[in-house]
Amino acid sequence: MRYISTRGDAPSLGFEDVLLTGLATDGGLYVPESLPKFSLEEIRSWRGLSYAELAFKVMHPFVDDAIPADDFRAMLDETYNQFAHKAVAPLVQLDSNEWVMELFRGPTLAFKDFALQLLGRLLDYVLEKRKQHVVIMGATSGDTGSAAIEGCRHCEHVDIFILHPHERVSEVQRRQMTTVIGDNVHNIAVKGNFDDCQRMVKASFGDQSFLKGETQLVAVNSINWARIMAQIVYYFQASLALGGPDRSMAFSVPTGNFGDIFAGYLAREMGLPISQLVIATNRNDILHRFMSGNRYEKQQLEHTLSPSMDIMVSSNFERLLFDLHGRDGAAVRDLLERAQTEAVSIEDYRWKSARKLFDSDAVDDATTCEIIREVFDQNEYLLDPHTAIGVRAARNCRRDDSVPMITLGTAHPAKFPDAVKQSGMGVKPELPHHLADLFEREERYTVLDDDLKSVQDFIASHWKSA
Ligand SMILES: *Cc1c(COP(=O)(O)O)cnc(C)c1O
């Protein structure tokens, strides 16, 4: 399998290189040159497979001969055996034909575990083969950092440095990162805000000379293709559990960067019958404004009760735009360069073809709290604020009551106790058993000034062979 850039002007790569690359050299994102297609008959034959076995069927064509089948199977077993539920992605019924797929049963309680627990193992495997060592550097305001750390803690060939804004992440989120004790795990609390952290990461990727050519940086944000790939699997899992592929499904996906929902689009392109995808955003609603009015325009960032969806631009949306433009990289480049400074639109027929599949909704904080309360009243089931936005959008945008509507449950409510509290309910979400002692665990992190050189010196002197 070869991978090509959405801006059409970078070399094509194989799976191993795509794993170790963030942005393509032309500024684009990597996508498969062509997608594997599965017949209904083949998908039907997967009924009853375990999650790891299904993951193998769906992902193996992407990995291809980069990893021998038995090794890849073993990796998938190990990854999904760590989840605290035997079904890995269990479905919970909310109403006669309405469901939540719980994607928060992994070690760090958010759906990012599905991809990042696998990514750590993929990286280590490829690096062992190449006798190479890399440094992961990332900034986090929450879920990505803890999932990436947990996914890489056992890697021999990876050191991970995660920057978070000092005293500006929730205690649960901080502890999920800082209580992972390992020689290759380095938490840096920066005396600044999230944007300061992100700026330092960006600058370091742009000029890696502080590593003296002895190692290279690798990105673990959702521009990494392997993350998207791992998220395709659970769309198949949900469909098979509810009578697919012999009936079609609708999904509602809480999203910011368009990563998770793009995986659903790919599942459909690969042959899974999906009749509707609902884009559920918070007040940072660039995707909703595009889908409802064909206008893609950056606006000021707003801080909301669903912080993991607080974005201004939606990086993975570029991957959909590439397909909407008949895979014309030059057209995508032109559009996104203009989008840096102005509002842009696409041709009406292209936009209409997207609207055949996608609907969207933007949900504010007050409504988020309302829906948390409503679903608790109806079902005694507690939603986290991100999932609540998904449920609300699903109910608003539903086209056909006979089609199962599945909202992706992206986080456990105990990760966001403030939102639950603000929704005015007297219940407090408990951490699951495997994290019950989180507040007693030893923490380890280093506080540094908001200063690029201090951070880079720290990394240069703390990665493994330094
Ligand atoms: C990351 C995250 C999202 C958004 O995911 P996208 O990749 O932007 O689609 C939604 N909910 C939670 C809880 C998250 O951690």
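As the structure is a computational prediction, the values presented were derived from the model and not from experiment. (Residues numbered from 1 in each chain as written. Predicted model: local features only at pLDDT ≥ 70, side-chain atom pairs only at ≥ 80, totals over all residues. Heavy atoms only, no water.)

*Asks:* Sorry, what's going on with the pattern of salt bridges here?
*Replies:* Pairs can form between side chains of opposite charge whenever their charged atoms are close. One pass over the full model with this rule turns up 32 salt bridges. For the salt bridge of Arg395 with Glu374, the shortest nitrogen-to-oxygen distance reads 2.9 Å. Pair noted here: Arg395 is in helix α16 (residues 385-397) and Glu374 is in helix α15 (residues 365-379), with a separation of 21 residues, a long-range link. A cluster of three or more residues bridged by salt bridges with shared partners is formed by Glu16, Asp17, Lys129 and Arg130. (Salt bridge = Lys/Arg side-chain N within 4 Å of Asp/Glu carboxyl O. Helix = DSSP H or I, 4+ residues; strand = E, 2+ residues; numbered from the N terminus.)

*Asks:* Quick question: what am I supposed to make of the UniProt feature "modified residue: N6-(pyridoxal phosphate)lysine" (unreviewed entry) in the chain here?
*Replies:* Mapped onto the present numbering, the UniProt feature "modified residue: N6-(pyridoxal phosphate)lysine" (unreviewed entry) falls at Lys112. With residues near it in sequence (within four places) discarded, Lys112 still touches Asp143, Thr144, Ala147 and Arg227. (UniProt positions renumbered as here; feature names shortened; annotations may be inferred. Contact = heavy atoms within 4.5 Å.)

*Asks:* Mind showing me how you'd approach the site of the ligand here?
*Replies:* Of all residues adjacent to the ligand, which total 15 residues, the nearest are Lys112, Asp143, Thr255, Asn257 and Thr410. In this structure, Asp260 approaches the ligand through a main-chain N or O atom, which is 3.2 Å from an oxygen atom. Between the ligand and Thr410 there is a distance of 3.0 Å, counted from a nitrogen atom to a side-chain nitrogen or oxygen. Considered on its own, the ligand offers 380 Å² of accessible surface; in the complex 97% of this is hidden by protein. Grouping the constituent residues of the shell around the ligand by class yields five nonpolar, seven polar and three charged. (Near = heavy atom within 4 Å. Polar contact = N/O pair within 3.5 Å; in protein donor to acceptor, adjacent residues only side chain to side chain. Areas by Shrake-Rupley, 256 points an atom, 1.4 Å probe, with all protein chains shown as cover. Nonpolar A, V, L, I, M, F, W, Y, C, P; charged D, E, K, R; others polar.)

*Asks:* What should I look at first to understand the UniProt feature "domain: Tryptophan synthase beta chain-like PALP" (unreviewed entry) in the chain in this one?
*Replies:* The UniProt feature table records "domain: Tryptophan synthase beta chain-like PALP" (unreviewed entry) at residues 94-331. Its end C-alpha atoms 43 Å apart, residues 94-331 is made of 41% helix and 19% strand.

*Asks:* Even after reading the chapter, I still don't get the environment of Arg395, so can you show me in this structure?
*Replies:* Look at Arg395 and you get partly exposed, because its relative accessible area is 28%. Remark: the alpha-carbon pair of Arg395 and Asn316, spanning 79 residues in sequence, is separated by 25 Å. In contact with Arg395, not counting residues within four places along its chain, are Leu94, Glu98, Ile371, Glu374, Val375 and Gln378. In this structure the side chain of Arg395 is engaged in a polar contact, spanning 2.9 Å, whose partner is the side chain of Glu98. Reaching out from Arg395, the side chain makes a polar contact with the side chain of Gln378 at a distance of 3.2 Å. (Buried < 20%, exposed > 50% of the residue type's maximum accessible area, 1.4 Å probe, protein only.)

*Asks:* Any chance you could explain the sheet that holds strand β7 (residues 185-191) here in plain terms?
*Replies:* Through backbone hydrogen bonds, the strands of a sheet pair up, either in parallel or in antiparallel fashion. The parallel open sheet is built from five strands, whose spatial order is β8-β5-β6-β7-β13. At either margin of the open sheet sits one strand with a lone partner, and together these are β8 (216-218) and β13 (446-449). Pairwise comparison of adjacent strand axes, ignoring direction, gives a mean angle of 30° for this sheet. Alignment of β7 against β13, held across four bridges, turns out to be parallel. Looking at β13, one finds that Lys191 is bridged to Asp449. Running over the sheet, helix α6 (residues 143-152) touches β5 (134-139), β6 (158-165) and β7 and is turned about 160° from β6. (Pairing = 2+ DSSP bridges. Axes fitted to C-alpha atoms, helices over the stretch in contact; angles between N-to-C directions.)

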